[in-house]
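Structure at a glance
This is what each chain is made of:
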Amino acid sequence: MARWCYRHRLVVLLLWVGALFGLGFSASSAGTDYANVFSLPDTDSKKAYDLMEKAFPARAGDTDTVVWKVDEGSVRDAEVRSRIQPALERIAGMKGVGGVTGPYAGPGGAAQVSRDGRIAYAEVTFTDQANAVPKELVEDVVDTARDARRDGLDVELGGQAVQRVQEPPTGLAEMVGLAAAAVVLFLAFGSLAAMLLPIGVAVFGVGTGMFSTQLLSHVTDIPDLAPLLSSLIGLGVGIDYALFIVTRHRKGVLRGMDPEESTVTALNTSGRAVLFAGGTVCIALAGMLVTNLRFLDGVVIGTSLTVVLSVLAATTLLPALLGFLGPRVLSRRQRRVLATTGPEPEKATGLALRWSEAVQRRPKTIAALALVVMAVLALPVLSLRLGATDQGNDDTTTTTRQAYDLLAEGFGPGFNGPLLVVVADGDTTALLKDIEGTEGVARVTALPPAQGVTVVQVIPTTSPQSEETDTLIDRLRDEVIPGAGAEAHVGGVTAVSKDFATVTGDRLPLFVVTIIGLGFLLLLVAFRSLVVPLTAAVMNLVAAAASFGVLVAVFQWGWGLEPLGLGKEGPINAFLPVIMLSLLFGLSMDYQVFLVSRMHEEWVHTRDNARAVRVGLAETSRVINSAALIMVCVFLAFVLSGDSGAAMAGVGLAAAVALDAFVLRTALVPAAMHLLGTSNWWLPGRLEKRLPHLAVEPREDAGEAAPGADGPASAVHGCVRDPAGDPVEGAAVTLLSKGGRQLDRVTSLADGSYIVSVPAPGTYLLATTARSYASRARQVLVAGEPLVVDVELEPGEVDAPR
């Protein structure tokens, strides 16, 4: 497939461009139809909502709030009323508004004015839920209300529908993330063309994925958080997967391979690992389905589709783009070095090699230090409290946050999260009296009954996110309502959030066991070992605990929230653990695959565990750390998205990836593998026979076999000559595996002759370099007998591979 894409690169590029623009045009024409379906069957809040929808269909929609405050005087003053009342009447007449309840109509309006008379509010009830209310209608409501402002009169609006229209322009987070990734890629590659490759591939993968998700929103329920999370994970994996393949391809070209053969080899090795890694991410994402939370179904669809298309772009579009670039995938300096000194054997150098050797020398010390770091960061997770962020967590510059603060100032902190006790049967009067006498209740108001259903509004004394409010909900459900002998259910946004957190927490263990079990089985089959997948599972749990510790410290304790502009501290979103753990386990599996596959390859060749771990870490740590740094930049950029859920997910995933790559995969995992020794690769014989074979990275050629492998040793010999037929003395002749591993290296004699040894039959690369001549590299197929290969060198600077 890679060879076909390389040779038909223009066709492949046009197909991808057509798909991107075609899906984009279709999506823009169709629009969006995202739906946040928080359906929680068999929960008390769901029963309350169903009763309300049946008895009060016009009030079952979203209720938003218009709040106003005067600096002097009272909101009852005629000049204030003359500005506010007409605005409320215009809002009530808009199509899609079920009704407006204000303080100036009827005797009940007095309750909508604060005790000091300086703050008042009106409730705007839409006929639909917030996600279904047209944005144009909400914008008209906001504009109409805020037009009533003047000096000394402040008007703000709150509610879920209003929150949707104040989000910043989309695309800012993605652009910042791409810019940061471009800087990292340029520093890693030193080539503008090579830098653009992963970014281009990621843009095509994420673009087609998001447009497809937008179209799917018309046929299934997909939450509006899905496209944000899809772009977040899609940019991360898209750039990383392309980075792994391009890095492998550049190594092949530097070893003298023809660009086409290097592309094929890169896709047949790192490309296979990308397919495996993408599959593990999708499997981890699909693990969310075991929670049976409908809200997450759309997230699974959107994110998995984007990951699949990112992998498809990396394995089809990328080889086509590599075909357009040819040797220009290298920097100018690298091309000059290749022309003058010729191909070099693949070997690790610099900091990566020194660190790998240090881990081998002191595995106990490094493992202990890494564990201490992770344990300290994980300590805050003991205080983890799941819940839901509300508009009190918004930035202080938003109208929703200002309306929230005004209501809390005028009517108490619990006013922003009223509980709705929906009574279907029983003595409502006795129930009202019992609720009024319950600890934690500030005010109780009964609405007029309809169709035998009465709704009692309960205002707590504490804020919606406080633990005392959760305790009050439990007290009402477990003690007060049964004690009054009534059939009633506690609903409202605060109760729904509490039920969602409870259901998520109850199902979280099953979810964790599911995705860890699936990951264990995949690694077991891939690496033929029980210890390697067990180590990976433990490391995943450690990374999850530490990353959630960071989340708790930042978003729950408020450390650094103000500099980041992320509003006010509060509980961790209930849906976030499931989403974060899915992404974290999928991404950490990527790094485990790329790291251990190289170690496993070396172990198969040498049966030396210490060497396998040292070489694997030295040769993969740089690309893994570069990939992780790119992901961290992309994830942190989503702090700018304006969505608190996406910002929380971005910070959490950035912390998780950074800790996973820089602490676990670079230090703790290799240190533990050094300590475990050859037991890393232990697998019972009976299990070995029953397991299917799955090659993450196939053996590059038969010549990779260790000494003593089946097949006789052989040789390649011949003469090195110039175009005139004269022998070239001192030419360096190197035999390499297709992946760039040096197997033998000799210098031609005075008569131009050379001979290099071949460990076993197979396909190899024969690279020849000499001063004043262009380097040459060609594939040779060696059977059981010695092979004669004469080499002719052309004068010049570089022999551009064709």
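Along each chain, residue indices are assigned from 1 in the same order as the chain's sequence is written. In keeping with the model being predicted, local features are shown solely for residues with a pLDDT of at least 70 and side-chain atom pairs are shown and tallied solely at 80 or more, while totals for entire chains, interfaces and linings include all residues. Neither water nor hydrogens contribute to the side-chain values; these are computed over all heavy atoms in the structure.

Things to note about a negative patch on the surface
Patch membership requires more than 30% relative accessible area and the absence of a salt bridge. Residues of like charge join within 9 Å; the nonpolar side chains Val, Leu, Ile, Met, Phe, Trp and Tyr join within 5 Å. All accessible-area figures derive from a Shrake-Rupley calculation using a 1.4 Å probe, and residue coverage is judged against the displayed protein chains alone. Here, a salt bridge means any side-chain nitrogen of Lys or Arg that lies within 4 Å of a carboxyl oxygen of Asp or Glu. The convention is simple: Lys and Arg are positive, Asp and Glu are negative, and His and the chain ends are not counted. In this description, the location of a charge corresponds to atom NZ of lysine, CZ of arginine, CG of aspartate or CD of glutamate. Together, Glu136, Glu139, Asp140, Asp143 and Asp147 line one region of the surface with negative charge. Under the DSSP-based scheme used, a helix requires at least four consecutive residues in state H or I and a strand at least two consecutive residues in state E, with every element numbered from the N terminus. Among the secondary structure elements, Asp143 is positioned in helix α5 (residues 135–146). In this scheme, a residue with accessible area under 20% of its type's maximum is buried, one over 50% is exposed, and one in between is partly exposed, where area comes from a 1.4 Å probe on protein chains only. The exposure class assigned to Asp143 is partly exposed, which follows from its relative accessible area of 44%.

Looking at the packing of helix α16 (residues 428–436) against helix α17 (residues 467–484)
Between α16 and α17, the shortest axis-to-axis distance is 8 Å and the interhelical angle comes to 140 degrees. For the element pair α16 / α17, the angle class is oblique. For the element pair α16 and α17, the recorded crossing hand is right-handed. Within the contact between the two elements, α16 uses Leu431, Asp434 and Ile435 and α17 uses Leu476, Val480, Ile481 and Ala484. Gly is put with the polar residues, along with every residue not named as nonpolar or charged; the nonpolar set is Ala, Val, Leu, Ile, Met, Phe, Trp, Tyr, Cys and Pro, and the charged set is Asp, Glu, Lys and Arg. Grouping the amino acids of the contact of α16 with α17 by side-chain chemistry returns 6 nonpolar, no polar and 1 charged. Lines fitted to C-alpha atoms define the axes here, with helix axes fitted over just the stretch in contact, and angles between the N-to-C directions of these axes take values from 0 to 180 degrees. For this classification, under 35 degrees means roughly parallel, over 145 means roughly antiparallel, 65 to 115 means roughly perpendicular, and everything else is oblique. Handedness of a crossing follows from how the near helix is turned relative to the far one, being left-handed for an anticlockwise turn of less than a right angle and right-handed for a clockwise one. Residue contacts are counted whenever heavy atoms from the two residues lie within 4.5 Å of one another.

Some words on the sheet that holds strand β16 (residues 776–782)
Reading across the sheet, the 4 strands line up as β13-β12-β15-β16 and stay open at both edges, with antiparallel pairing between neighbours. For this open sheet the edge positions go to β13 (742–747) and β16, each flanked by a neighbour on one side alone. Taken over all neighbouring pairs, the strand axes of this sheet differ in orientation by 20 degrees on average, direction set aside. Inspection of the sheet shows strand β12 (residues 732–736) paired to β13 by 5 bridges, in the antiparallel sense. Counted as the bridge partner of Leu735 is Asp744 from β13. A strand pair is defined by DSSP finding two or more bridges across the two strands.

Let's talk about the nonpolar core
In this text, buried Ala, Val, Leu, Ile, Met, Phe, Trp, Tyr and Cys residues form a nonpolar core when linked through side-chain atoms within 4.5 Å. Ranked by internal contacts, the top residues of the largest apolar core, which has 148 residues, are Met288, Ile579, Leu581, Tyr591 and Phe635. Not counting residues up to four positions away in its chain, the partners in contact with Met288 are Leu296, Val299, Val300, Phe511, Val578, Ile579 and Ser582.

Here's the deal with a nonpolar patch on the surface
Together, Val183, Phe186, Leu187, Leu192 and Leu196 make up a nonpolar patch on the protein surface, roughly 520 Å² of accessible area in all. Among the elements of the structure, α7 (172–189) and α8 (192–216) are those that each provide at least two residues to the nonpolar patch. At 3 residues, α7 tops the list of elements feeding residues into the nonpolar patch. Mapped onto the secondary structure, Val183 falls in helix α7. Note on Val183: relative accessible area 49%, which makes it partly exposed.

Comments concerning the side chain of Thr263
With respect to the helices and strands, the residue Thr263 is situated in helix α10 (residues 259–286). If sequence neighbours within four positions are ignored, Thr263 has contacts with Tyr6, His249, Pro319 and Leu322.

Here we look at the pattern of salt bridges
Tallied over the full model, the rule gives 13 salt bridges. The shortest N-O distance in the salt bridge between Glu156 and Arg146 comes to 3.2 Å. One end of the pair, Glu156, is in strand β4 (residues 153–158); the other, Arg146, is in helix α5, with 10 residues separating them in the sequence. Assessed through its relative accessible area of 2%, Glu156 is described here as buried. Judged by relative accessible area, which is 25%, Arg146 ranks as partly exposed. The partner of Arg477 in a salt bridge is Asp499, with the nearest N and O atoms 2.8 Å apart. A residue pair is termed long-range when its members are at least 10 positions apart, and Arg477 in helix α17 and Asp499 in helix α18 (residues 493–527) qualify at 22 residues. Assigned by exposure class, Arg477 and Asp499 land together as buried. Each of Arg3, Arg7, Glu260 and Glu261 takes part in one network of salt bridges that share partners.

Considering the packing of helix α9 (residues 225–254) against helix α21 (residues 576–606)
For the pair α9 and α21, interaxial distance at closest approach is 12 Å and the crossing angle is 5 degrees. Judged on the interaxial angle alone, α21 and α9 are roughly parallel. Counting all contacts with α9, which are made through Leu225, Leu229, Ile233, Val237, Asp240, Tyr241 and Phe244, the residues of α21 involved are Ile579, Leu583, Leu587, Asp590, Tyr591 and Phe594. Residue classes in the contact of α9 with α21 are distributed as 11 nonpolar, no polar and 2 charged.

Observations regarding the pairing of β12
Of all 5 residues in β12, 5 are buried; the element is thus mostly enclosed. The alternating pattern of β12 places Ala732, Thr734 and Leu736 and Val733 and Leu735 on opposite faces, both of which are buried. Where β12 meets strand β15 (residues 762–769), 5 bridges bridge the pair, whose relative direction is antiparallel. By the bridge assignment, Leu735 is partnered in β15 with Leu766.

A short note on the confidence of the model for the protein chain
Mean pLDDT over the protein chain stands at 83; residues scoring 70 or higher make up 91%. pLDDT is defined as a per-residue confidence score from the predictor, taking values between 0 and 100. The secondary-structure element of the protein chain with the lowest mean pLDDT is helix α20 (residues 561–564), recorded at 69, while helix α14 (residues 363–378) shows the highest, at 94. Predicted confidence is poor over residues 700–711, with pLDDT under 50, and the contacts of this stretch with residues over four places away or in other chains come to 28 contacts.

Some remarks on unusual backbone geometry
At Gln451, a residue that is not glycine, the phi angle is positive and equals roughly 55 degrees. By the element assignment, Gln451 lies in the loop between β7 (441–446) and β8 (454–460). The exposed category is assigned to Gln451, whose relative accessible area is 64%.

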